Amino acid sequence: MILCCGEALIDMLPRETAEGEAAFAPHVGGALFNSAVALGRLGVPVSFFSGLSNDLFGAKLQAALRASKVDFSHAVISSRPTTLAFVSLDQGQASYFFYDESSAGRMLFEADLPDPDDAVEALLFGGISLATEPCGSTYEALMTRESASRVIMLDPNIRQAFIRDPLAHKARMRRMMAIADIIKISEEDLAWFGGPASSGEAAQVLLAAGTKLVIVTSGGKGSAAYWRGGSFVISALNVDVVDTVGAGDSFNAGVLAALRKSGSLTKERLGSLTTDVVRDALSFATRVAAVTVSRAGANPPWANEM
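First, a word on what this report is: a plain description of the structure on this page.

Rules used throughout
- Residues numbered from 1 in each chain as written.
- Predicted model: local features only at pLDDT ≥ 70, side-chain atom pairs only at ≥ 80, totals over all residues.
- Heavy atoms only, no water.
- Helix = DSSP H or I, 4+ residues; strand = E, 2+ residues; numbered from the N terminus.
- Rg over C-alpha atoms; globule rule 2.2 N^0.38 Å.
- Buried < 20%, exposed > 50% of the residue type's maximum accessible area, 1.4 Å probe, protein only.
- Areas by Shrake-Rupley, 256 points an atom, 1.4 Å probe, with all protein chains shown as cover.
- Lys, Arg positive; Asp, Glu negative; His and termini not counted.
- Charge placed at Lys NZ, Arg CZ, Asp CG, Glu CD.
- Polar contact = N/O pair within 3.5 Å; in protein donor to acceptor, adjacent residues only side chain to side chain.
- Pairing = 2+ DSSP bridges.
- Axes fitted to C-alpha atoms, helices over the stretch in contact; angles between N-to-C directions.
- Core = buried A, V, L, I, M, F, W, Y, C linked by side-chain atoms within 4.5 Å.
- Contact = heavy atoms within 4.5 Å.
- Salt bridge = Lys/Arg side-chain N within 4 Å of Asp/Glu carboxyl O.
- Parallel < 35°, antiparallel > 145°, perpendicular 65-115°, else oblique.
- Left-handed = near helix turned anticlockwise from the far one by under 90°.
- Nonpolar A, V, L, I, M, F, W, Y, C, P; charged D, E, K, R; others polar.
- Expected span 1.5 Å × (residues − 1).
- Disulfide = S-S within 2.5 Å.

**Things to note about the overall build of the protein chain**
A tally of helices and strands in the protein chain yields 9 helices and 14 strands. Compactness check: the protein chain gives a C-alpha radius of gyration of 18 Å against a globular reference of 19 Å for 306 residues, within 12% of the reference. With respect to the principal axes defined by its C-alpha atoms, the protein chain has extents near 55 × 45 × 40 Å. Expressed as a percentage of its 306 residues, the buried residues of the protein chain come to 55%. For the protein chain, the exposed area adds up to about 12900 Å²; of that, 52% sits on carbon and sulfur atoms. Taken as two groups, the 26 positive and 33 negative side-chain charges of the protein chain have centres that lie 4 Å from each other.

**Re the side chain of Thr286**
Relative to the helices and strands, Thr286 resides in helix H9 (residues 275–293). Within the structure, Thr286 has its side chain in polar contact with the backbone oxygen of Leu282 (distance 2.7 Å).

**Regarding the sheet that holds strand E13 (residues 223–227)**
Taking strand neighbours across the sheet as the criterion, the 8 strands line up as E4-E1-E9-E10-E11-E12-E13-E14 in an open arrangement whose pairing is mixed. Two strands in the sheet have a free side with no partner beyond their single neighbour: strand E4 (46–49) and strand E14 (230–234). When the angles between neighbouring strand axes are averaged without regard to direction, this sheet yields 15°. Alignment of strand E1 (residues 2–5) against E4, held across 4 bridges, turns out to be parallel.

**Observations concerning the nonpolar core**
Grouped together as the largest cluster of nonpolar side chains are 53 residues, with contacts concentrated most on Cys4, Leu39, Phe48, Ile182, Leu213 and Leu259. Top element by residues in this core is H9. It accounts for 8 residues. Leave out the neighbours within four places in its chain, and Ile182 touches Val151, Ile152, Met153, Leu154, Thr211, Leu213, Leu256, Leu259, Leu265 and Leu270. Counting 35 residues, the second largest nonpolar core, distinct from the first, contains Phe193, Ala202, Leu206 and Tyr226.

**Notes on the pattern of salt bridges**
Within the structure shown, the criterion is met by 15 salt bridges. One salt bridge in this structure joins Glu101 and Arg106, with 3.3 Å as the shortest N-O distance. The exposed category is assigned to Glu101, whose relative accessible area is 52%. Of the residues examined, Arg106 reaches a relative accessible area of 11% and is grouped as buried. Each of Glu133, Glu140, Arg172 and Arg175 takes part in a single network of salt bridges with overlapping partners.

**Description of the packing of helix H1 (residues 31–41) against helix H7 (residues 247–261)**
Two elements in contact, H1 and H7, have axes separated by 8 Å at closest approach and are oriented at 45°. With respect to H7, the axis of H1 lies oblique. In the crossing of H1 with H7, the sense of the turn from one axis to the other is right-handed. Along the contact surface, H1 presents Ala31, Asn34, Ser35, Ala38 and Leu39, while H7 presents Asp249, Ser250, Asn252, Ala253, Leu256 and Ala257. Its residues placed into classes, the contact of H1 with H7 shows 6 nonpolar, 4 polar and 1 charged.

**Observations concerning unusual backbone geometry**
Note the cis peptide between Glu133 and Pro134, where omega equals 5°. For Pro134, the location among the structural elements is in the loop between strand E9 (122–126) and helix H3 (135–146). Not every positive phi belongs to a glycine, and Ser102 is a case in point at roughly 55°. If you trace the backbone, Ser102 turns up in the loop between strand E8 (93–99) and E9. The residue Asn157 is not glycine, and still its phi comes out positive at about 45°.

**Some words on H3**
An α-helix turns once every 3.6 residues. As a result, residues three or four positions apart point the same way. End to end, H3 covers 17 Å across 12 residues, agreeing with the expected 16 Å (1.5 Å per residue, within 8%). Where burial is concerned, most of H3 is hidden: 9 out of the 12 residues are buried. Within H3, the full set of buried residues consists of Cys135, Gly136, Thr138, Tyr139, Glu140, Ala141, Leu142, Met143 and Glu146. Each element contacted by the buried residues of H3 is listed here: E1, E4, strand E5 (51–53), E9, strand E10 (151–155) and helix H4 (166–177).

**A closer look at the state of the cysteines**
Here, disulfide denotes a covalent bond that connects the sulfur atoms of two cysteines. As enumerated under the stated definition, the model contains 0 disulfides in all. Free cysteine Cys4: the closest other cysteine sulfur is in Cys5, separated by 7.2 Å. With a relative accessible area of 0%, Cys5 lands in the buried category.

What is shown is where atoms sit, not what they do.
Structure below.
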């Protein structure tokens, strides 16, 4: 089982009424929520740890998790409001404006941490939930506690508009990167962190620090993977892009699903990856993401669509 740890929210997506007026339609979302849904739809045993509300939007999130076969027994349910993210689209590229004060997802404390049983093989972290308090410290504490015995994947997924203290957030991300087995990071996020201009050089720095697999994504250009035994580059698939909401989240799910299927989702196996295993993981993740961007909102594919 894979435990996805991070935010669940409502994406308010721009729409137009029949009268031509601007409007917003509520859609379930959140980086780690999207990844959990994608894993569940792909047939991977998955659970979700977050703070969920019992308001009308929280009920919508819980229903969506159930429909995609995601367990959320690890989640903390409260009467606090659900986070809202208003989305602006410019030529298919999404920008976000968050409303998160005192939300169910944000007000998550170390006392709320789950105690995963042996069925949990790996944990996935990332997204905006790492940029605010107290939930950011809570997720970091969970990652630190579990990193010695379980596979950890991290996607920094930087949303600069949401980060109030860039120096503190960079420090947290670097601490979490230092104990992650798998890091998926975009070229834009690498630039935000600074360091080597080349993504390959940046990946080598992370590998030298202990990461076993680094995946650098380049949007429509594709992605590259680096591990101690080599590297592999794959192009993005040529599809008609409706929007990019949830693309990276679905990609993360595809990577984890493929690595698990090949028996590589252990610390030992990640330390001895082969080109075939990495190629298959990137190829599958690319296909999963391609389906997601071909339709509106974060709507990842089911196994029978692959």
